[in-house]
Structure formats: structure tokens, C-alpha cells
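Now for the letters of each chain:
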Amino acid sequence: MANVQDKVVIVTGAASGQGAAEAKLFAEQGAKVVVTDIDERGEEIAARFGGRGLFVRHDVGDEAGWGEVMRQTLDRFEQIDVLVNNAGVFKPASLTDTDVPLWQLHYRANQLGVFLGMRAASEIMVKNGGGVIINVCSNAALNNVPGIFAYASTKWAVRGMSKLAASEFAALGIRVNSIYPGIIDTPMLGQNSAEQLNHYKGMIPMQRLGTPDEVARLVLFLASDEASYITGAEVTIDGGIG
Ligand SMILES: NC(=O)c1ccc[n+]([C@@H]2O[C@H](COP(=O)([O-])OP(=O)(O)OC[C@H]3O[C@@H](n4cnc5c(N)ncnc54)[C@H](O)[C@@H]3O)[C@@H](O)[C@H]2O)c1
């Protein structure tokens, strides 16, 4: 298993789904884990990690809040090695049915949050001599998926930002990779109608949903030194959707 012993890892949106699975796996593998979320259930998750866990209530679209996440992480654990930009929202709607509040909701959580997170963490990582950033993107940023205009737009933006950041930070020792989950069995799927969900399931060659634990194992590998020459990569995890 990839070695992350004593690394300090921040996972955003870690109160639920994939983020919670990633936080748990990092803690099991000996990392110190900062759980952030707007959902207070993150407190309970971090508490399970004892002295190796910390919860910070944070909306990833809040710029000043990122300063607070960095400050509390450094106060408790003295460094930041890994940032997983996982938090996200998903509310399906076509372009025609997307109003400005729906657009802004996706922009704030899925896109602005990733930019602010990369900027805040990289400042510390440069001083530390390096680090790893993993951006959770989506299969919707690789394909033309109709009916999810705002969501897919933000994920296409994250795909681009990940490439740009990887090249800007490569010589500074910071690796930036993005992952592309297909359809993963988390509470987020509840946003789909039964009809939509069946349609999506029909697209999976492996004929089953992915699990949060499967995504967590990919994130763990990319975060570890075993992935030391991997940056700017776009890694799919989607049962073969492609
Ligand atoms: N589930 C899937 O099929 C799927 C597929 C592709 C990509 N993704 C992406 O995976 C990531 C994790 O999603 P999930 O499937 O675990 O869903 P989830 O709904 O279980 O978890 C998302 C978490 O993000 C948090 N969050 C939302 N807005 C936030 C904000 N502004 N600030 C901080 N936290 C916020 C929520 O409170 C929640 O805990 C998301 O970026 C999502 O877009 C999910």
C-alpha cells in the first residue's frame, strides 16, 4: 500500500461520500487528516481519528476561510503535504433551465473553491519544498453529458486549471493531478431522477457503480511518493466509460 505515514492531508467536502472515504483511508494509513466541509458531520468523522484528526467548518468558496484552514492546520500539524479538492455540488439542469443562482452555486463550490484551495495550499507547500494537490473532477469533463450544464462547465474548468497548475508548480516540487470518477455510489447520486440514473448505469461497461473506497485508493496512491513522477495526469476511475 502507498506510504503516507505522518503526511498532513486536507480533504475538502470530507463529511460525506468520497471525501469521507478518502479521509478514513488516509487516517488508517497513518496520515494526519484535516476534514473540511460545510456539513457539521465532518466533526464526528475527524473525531474518529483521535489526535490525528481535525475538523474545520469551511465553505470552499470562502477566500478568508481558506486562510483559517491553513492557519489551524499549521497550528495543529505544523505542515501541509497534500490537498484533496473534493468538495462539490451537483444539481442537474440544462443550459435553458439554469438560472444565475444555480450557476453561482456550482461555480462557488466546484470551481472557485478549487482555485482558492490550490493557491492557499501551494503557498505553504512551496515553503515546505513540495506537496501534492489532487482535484476531483468528473467524467462529465471528458464527455458531452447533456442536462448538467452548470455542473459540467465547472468540471471542464477544473480539468483546465489542473493542467495549468501542474505546469506552473512542477519545478517547485508540487504535483497536481486530476481524477475523473464516473458514477460513484454516494449521496450525490440522489440528485438524479431514477430515469437519469438508469440511463447513466447503462453506460458503464463494468455494469456496476463505483464505490467511494475505490476512489479513495486512487487518491491515496496519487498522494503518495509512489506517484512521484506523475503530475498533470488525468486519471479516469469509471468502470470503463472513458
Ligand atoms: N458521485 C459521483 O457519481 C461523482 C462522479 C464524478 C465526480 N464526483 C465528484 O466527487 C466529489 C465528491 O462528491 P461525492 O460523490 O462524494 O458527493 P457527496 O454529496 O456525498 O459529498 C460532497 C461533499 O461536499 C460538501 N460540499 C458541498 N459544497 C461545499 C462547499 N461549498 N464547501 C465545502 N464543502 C461542500 C458536501 O457538504 C458534501 O459533504 C465532488 O467534487 C463530485 O462532483 C462525484
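Summarised in this report is the structure supplied together with it. (Residues numbered from 1 in each chain as written. Predicted model: local features only at pLDDT ≥ 70, side-chain atom pairs only at ≥ 80, totals over all residues. Heavy atoms only, no water.)

## A closer look at the packing of aromatic side chains
Condition: Here a Phe, Tyr or Trp ring, Trp counted by its six-membered ring, pairs with any other such ring whose centre lies within 6.5 Å, and the pair is stacked when the planes are under 30 degrees apart, edge-to-face when over 60, and tilted otherwise. Think of it this way: any DSSP run of H or I at least four residues long counts as a helix, any run of E at least two long counts as a strand, and we number them from the N terminus. Accessible area is worked out with a 1.4 Å probe on protein chains only. A residue is then buried under 20% of its type maximum, exposed over 50%, and partly exposed in between.
Enumeration over the complete set of coordinates arrives at two aromatic pairs. The interplanar angle of 85° and the centroid separation of 4.7 Å between the aromatic rings of Phe 90 and Tyr 151 together place this pair among those described as edge-to-face. Pair noted here: Phe 90 is in the loop between β4 (82–85) and α4 (100–128) and Tyr 151 is in helix α5 (residues 149–169), with a separation of 61 residues, a long-range link. When the ring of Trp 103 is compared with that of Phe 149, the centres are 6.0 Å apart and the planes differ by 35°; the resulting orientation is tilted. Pair noted here: Trp 103 is in helix α4 and Phe 149 is in helix α5, with a separation of 46 residues, a long-range link. Residue Trp 103 is classed as partly exposed on the basis of its relative accessible area, which comes to 31%.

## Description of α4
Just so we agree on the cut-off: Multiplying 1.5 Å by the residue count of a helix minus one yields the expected span of that helix. In the analysis that follows, any N or O atom pair within 3.5 Å is treated as a polar contact, provided that within protein one partner can donate a hydrogen and the other can accept it, and provided that, for residues neighboring in sequence, both atoms belong to side chains.
Helix length check: α4, at 29 residues, gives a terminal C-alpha distance of 40 Å against a target of 42 Å (1.5 Å per residue), a fit within 8%. The N-capping residue of α4, defined by a side-chain oxygen 3.0 Å from the backbone nitrogen of Leu 102, is Asp 99. Gly 129 occupies a position one or two residues after α4 and carries a positive phi of about 90°.

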